Protein chains: 2
Amino acid sequence: MANDEVILLDFWASMFGMRLRIALAEKEIKFEYKEEEGLITNKSSLLLEMNPIHKKVPVLIHNGKPICESIIGVEYIEEVWKDKAPLLPSDPYERAQARFWADYIDKKLYVSSRKIWGTKGEEQEAGKKDFIEVLKVLEGELGEKPYFGGDNFGFVDIALIGFYSWFYAYETYGIFSTEAECPKFVAWAKRCMQRDSVAKSLPDQHKVLEFIQMLRQKFGIE
Amino acid sequence: MANDEVILLDFWASMFGMRLRIALAEKEIKFEYKEEEGLITNKSSLLLEMNPIHKKVPVLIHNGKPICESIIGVEYIEEVWKDKAPLLPSDPYERAQARFWADYIDKKLYVSSRKIWGTKGEEQEAGKKDFIEVLKVLEGELGEKPYFGGDNFGFVDIALIGFYSWFYAYETYGIFSTEAECPKFVAWAKRCMQRDSVAKSLPDQHKVLEFIQMLRQKFGIE
């Protein structure tokens, strides 16, 4: 795959884009990062061409062909570059469990976290409550393992860790401490952050806070 | 796998359960079907034990271990019984595309279809409009192929065909004709219905209509 052209159409603050950045880094695949500058205001013709159905980043473009939806992209990376740094277990049952938790994160975590910074009053409180509940469920699944993948950093870790770069913002607007509520979760996140693949793929949490501040002003939430 | 114990915890009208029934039938796997009788009113202790996170059918139980979320279950069936009747293509890009469309169905079709029978007035009209748009997108993806999987019935066909048993109810409450709006889609559905695996896994559409009529009364939509 020496002559492969791999492009990641992404937006720096996207926790979904971070999944692909990390998976590509774990597999040591060189790729061209293309920032979708006008994501909020003016989507690029490349994005509309590559993801006409959802019109969302991230899009992984491999030799000109687009793969949309971040979890599907991570599975694709796993299948194409299968000889290096396996992200999914080989046992079908364990694979199904990993897919279950990635799906749980997609269904539950984004929605509740979005309410923490994107709403006010009761809706915000409900979002915060749901968010912490979801983290506690995930903490239960993690148990005493170092990673969701057991001894190895893997699929569920990749699906989840990008959210951590938004935690400072969630905590600022929701007025709570994740570490006080879910210490094992935070210990896991700090463990992941020690990996090069993660550290270089996640943005600075203060920059994320500034970005969300801008979004709140734009949406009139202040 | 001669001594495998396969149980499907399901509810007869679930289009998600139908996916697993069809996948098991395609692979010619014998299984015990367990109806979750009290789905609406009183969930069984088996369901709560097997799917404590979502508390929903279907659950595939293989040698005592539960696999939740229907699409994940279909992938599991494909991986465990891989030698017979492949449901996914072998090419990673084509696999990613199949997963994309199954995900699209999960994200878009249920929500819009639910509004057709479960709401009134403007919300119902919006649901109907979205529903037909989603079908047209899917028709575009089908193109001139006999199945979404090309010449072979496969993953996307399995993800989608269960909804067809609810179409008579959607059409009755939404007052429209799918065949007039999306003739190629209906031709595809009828083609699928000629397969034994599908015909024996889908309930009678009149029985589904009666069931939805009961739900509408229960929810006070009439």
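Quantities reported herein were computed from a predicted structural model and do not represent experimental measurements.

This brings us to the pairing of strand S1 (residues 6–10) of chain A. Residue and element names in this part refer to chain A. Judged by how many residues are buried, S1 sits mostly within the fold: five of five residues are covered. On S1, burial covers both faces: Val-6, Leu-8 and Asp-10 on one face and Ile-7 and Leu-9 on the other are all buried. Bridge count between S1 and strand S2 (residues 32–35): four bridges; the pairing is parallel. When the sheet's bridge partners are listed, Asp-10 is paired in S2 with Glu-35. Handedness of the crossover joining S1 and S2 through helix H1 (residues 15–26): right-handed.

As a further point, take the sheet that holds S2(A). Sheet strands pair via backbone hydrogen bonds, and the direction of the pair is either parallel or antiparallel. Residue and element names in this part refer to chain A. Spatial strand order, S2-S1-S3-S4: four strands in an open sheet with mixed pairing. Since the sheet does not close on itself, it has two edges, and those belong to S2 and strand S4 (65–68), each with one partner. For this sheet, the mean inter-axis angle between neighbouring strands, taken without regard to orientation, is 25°. Alignment of strand S3 (residues 59–62) against S4, held across four bridges, turns out to be antiparallel. From the neighbouring strand, Val-59 faces S4, where its bridge partner is Cys-68. Running over the sheet, H1 touches S1, S2 and S3 and is turned about 155° from S1.

Turning to the packing of helix H5 (residues 121–142) of chain B against helix H9 (residues 183–193) of chain B, a few remarks are in order. All names here are of chain B. Close contact between H5 and H9 brings their axes to 9 Å; oriented N to C, the two are set at 70°. The angle between H5 and H9 falls in the class roughly perpendicular. Crossing hand, H5 versus H9: left-handed. Here Leu-135, Leu-138, Glu-139 and Leu-142 of H5 lie close against H9, whose contacting residues are Pro-183, Lys-184, Phe-185 and Trp-188. Its residues assigned to classes, the contact of H5 with H9 comprises six nonpolar, no polar and two charged.

All right, on to helix H5 (residues 121–142) of chain A then. Residues and elements named next belong to chain A. For H5, which comprises 22 residues, the first-to-last C-alpha distance of 32 Å matches the rise-based estimate of 32 Å (1.5 Å per residue) to within 8%. In this structure, the buried side of H5 is in contact with helix H4 (92–118), helix H6 (155–161), helix H7 (167–174), helix H8 (178–181) and helix H9 (183–193). Positive backbone phi, at 60°, marks Gly-143, one or two positions downstream of H5.

Turning next to the relation of the copies chain A and chain B. Once chain A is rotated about the relating axis by 180° and shifted along it by 0.0 Å, it coincides with chain B to within an RMSD of 0.0 Å. Read as a symmetry element, the transformation amounts to a two-fold axis. Both copies share a contact surface, since 100% of the interface residues of chain A are interface residues in chain B too.

Turning to the packing of aromatic side chains, a few remarks are in order. All names here are of chain B. As enumerated under the stated definition, the model contains 40 aromatic pairs over all chains in all. Here Trp-101 and Tyr-104 contribute two aromatic rings whose centre-to-centre distance is 5.3 Å and whose plane-to-plane angle is 80°, an arrangement assigned as edge-to-face. With Trp-101 and Tyr-104 both in helix H4 (residues 92–118) and three residues apart, the pair spans about one turn of that helix. Both rings, one in Phe-167 and one in Phe-185, keep their centres 5.6 Å apart while their planes meet at 5°; by these two values the pair is stacked. Taken together, the positions of Phe-167 in helix H7 (residues 167–174) and Phe-185 in helix H9 put the pair 18 residues apart, joining distant regions of the chain.

Okay, the UniProt feature "domain: GST C-terminal" (unreviewed entry) in chain A next. Those places that UniProt annotates as "domain: GST C-terminal" (unreviewed entry) correspond, in this numbering, to residues 91–211 of chain A. End C-alpha atoms of residues 91–211 of chain A are separated by 41 Å, and the span's content is 74% helix alongside 0% strand.

So, on to the nonpolar core. If you look at the biggest cluster of nonpolar residues, it comprises 156 residues, and the most contacted ones within it are A:Trp166, A:Tyr170, A:Trp188, B:Trp166, B:Tyr170 and B:Trp188. Residues in contact with B:Tyr170, not counting those within four places in the same chain, are B:Met15, B:Ser113, B:Ile116, B:Trp117, B:Phe131, B:Phe163, B:Ile175 and B:Phe176.

Now for the pattern of salt bridges. With the rule as written, the count across this model stands at 34 salt bridges over all chains. As a salt-bridge pair, A:Arg95 and B:Glu79 come within 2.8 Å of each other at their nearest N and O atoms. Note that A:Arg95 is positioned in helix H4 and B:Glu79 in helix H3 (residues 70–80), a pairing that runs across two chains. Judged on exposure class, the residue A:Arg95 and its partner B:Glu79 are both buried. One continuous salt-bridge network, built from bridges that share partners, spans A:Glu75, A:Glu79, A:Arg95, A:Arg99, B:Glu75, B:Glu79, B:Arg95 and B:Arg99.

Parameters and conventions
Residues numbered from 1 in each chain as written. Chains lettered and ligands numbered in written order. Predicted model: local features only at pLDDT ≥ 70, side-chain atom pairs only at ≥ 80, totals over all residues. Heavy atoms only, no water. Buried < 20%, exposed > 50% of the residue type's maximum accessible area, 1.4 Å probe, protein only. Helix = DSSP H or I, 4+ residues; strand = E, 2+ residues; numbered from the N terminus. Pairing = 2+ DSSP bridges. Right-handed = clockwise from strand over helix to strand, strands pointing away. Axes fitted to C-alpha atoms, helices over the stretch in contact; angles between N-to-C directions. Contact = heavy atoms within 4.5 Å. Parallel < 35°, antiparallel > 145°, perpendicular 65-115°, else oblique. Left-handed = near helix turned anticlockwise from the far one by under 90°. Nonpolar A, V, L, I, M, F, W, Y, C, P; charged D, E, K, R; others polar. Expected span 1.5 Å × (residues − 1). Least-squares fit on C-alpha atoms with pLDDT ≥ 70 in both. Phe/Tyr/Trp six-rings, centres within 6.5 Å; stacked < 30°, edge-to-face > 60°. UniProt positions renumbered as here; feature names shortened; annotations may be inferred. Core = buried A, V, L, I, M, F, W, Y, C linked by side-chain atoms within 4.5 Å. Salt bridge = Lys/Arg side-chain N within 4 Å of Asp/Glu carboxyl O.

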